[in-house]
Amino acid sequence: MSDSASAREFIPVSIAALTISDTRTSADDRSGDALAQRLTDAGHRLADRRIVADDIYQIRAAVSAWIAAPDIQAVITTGGTGVSGRDGSPEAVAPLLDKTLDGFGEVFRALSFDDIGASTVQSRALAGVANATYIFVLPGAPGACKLAWDKLIALQLDYRTRPCNLVEMMPRLLEK
């Protein structure tokens, strides 16, 4: 963020967080906790938070409900981006997207390489927009969630970030 960015006022975003796991509960959802803490510490609003099984249709149902909700501007999911038979987050979310933000996954994997090396090729993180709602699909590891938030999402969901950010595009997302 440049010095001139401080002249702009922060605009809080209403964000829903979805943990995708067959084993996590609210008592041990470290990735969901990390995201919730970071987004509220940044001044955003945690609009809703849920945990669903690693099931394409449960994932799609939760994300679809938030996409349709007029008071939710962004959705962050964690989990289900690997290559096991149960990992289906990208398959659940991708058909819902009106547009993809291909650079998100590319940059996330580049940043992740510094932490986990070649294992980053197993990540299928992605992002896009659907019905004027930004959606970020992250791996389930707490470190991956922290990296994605700290290095990418927090900056793009901050109106003060220059030269551009996703918040300033929100009023134009539904233009035809």
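For the structure itself, look to the data block above.
Residues numbered from 1 in each chain as written. Predicted model: local features only at pLDDT ≥ 70, side-chain atom pairs only at ≥ 80, totals over all residues. Heavy atoms only, no water.

Asker: Please clarify how helix α2 (residues 56–68) should be interpreted in this entry.
Answerer: For the α-helix, the turn length of 3.6 residues means that residues three or four positions removed from each other point alike. Compared with the 18 Å implied by 1.5 Å per residue over 13 residues, the 18 Å span of α2 between its first and last C-alpha is a close match. Residues of α2 that are buried make contact with β1 (14–20), β2 (45–52), β3 (74–78), α3 (89–93), β5 (126–130) and β6 (133–138). (Helix = DSSP H or I, 4+ residues; strand = E, 2+ residues; numbered from the N terminus. Expected span 1.5 Å × (residues − 1). Contact = heavy atoms within 4.5 Å.)

Asker: Sorry if this is basic, but what is going on with the pattern of salt bridges here?
Answerer: Note that side chains of opposite charge can pair when their charged atoms are close. All chains considered together, the criterion is met by nine salt bridges. In this structure, Arg 49 and Asp 29 form a salt bridge, with 3.0 Å as the shortest nitrogen-oxygen distance. One end of the pair, Arg 49, is in strand β2; the other, Asp 29, is in the loop between β1 and α1 (30–41), with 20 residues separating them in the sequence. Arg 49 sits in the partly exposed class, given a relative accessible area of 30%. For Asp 29, a relative accessible area of 1% corresponds to the buried category. Through salt bridges with shared partners, a single network forms among Asp 29, Asp 33 and Arg 49. (Salt bridge = Lys/Arg side-chain N within 4 Å of Asp/Glu carboxyl O. Buried < 20%, exposed > 50% of the residue type's maximum accessible area, 1.4 Å probe, protein only.)

Asker: Looking at this structure, how should I read the packing of aromatic side chains?
Answerer: Two aromatic rings, taken as a pair, are described by how far apart their centres are and by the angle between their planes. Tallied over the entire structure, the rule returns two aromatic pairs. With centroids separated by 6.4 Å and ring planes inclined at 10°, the aromatic side chains of Phe 104 and Phe 108 adopt a geometry described as stacked. You can see Phe 104 and its partner Phe 108 sitting in helix α4 (residues 102–116), four residues apart, about one turn around the helix. Residue class for Phe 104 comes out buried when judged on its relative accessible area of 9%. Overall, Phe 108 belongs to the buried group, its relative accessible area being 1%. Taken together, the ring pairs in this structure connect Phe 104, Phe 108 and Phe 136 into an aromatic cluster. The ring of Tyr 159 is capped by Arg 8, whose NZ or CZ atom sits 3.8 Å from the centre of that ring. (Phe/Tyr/Trp six-rings, centres within 6.5 Å; stacked < 30°, edge-to-face > 60°. Lys NZ or Arg CZ within 6 Å of the ring centre and 35° of its normal.)

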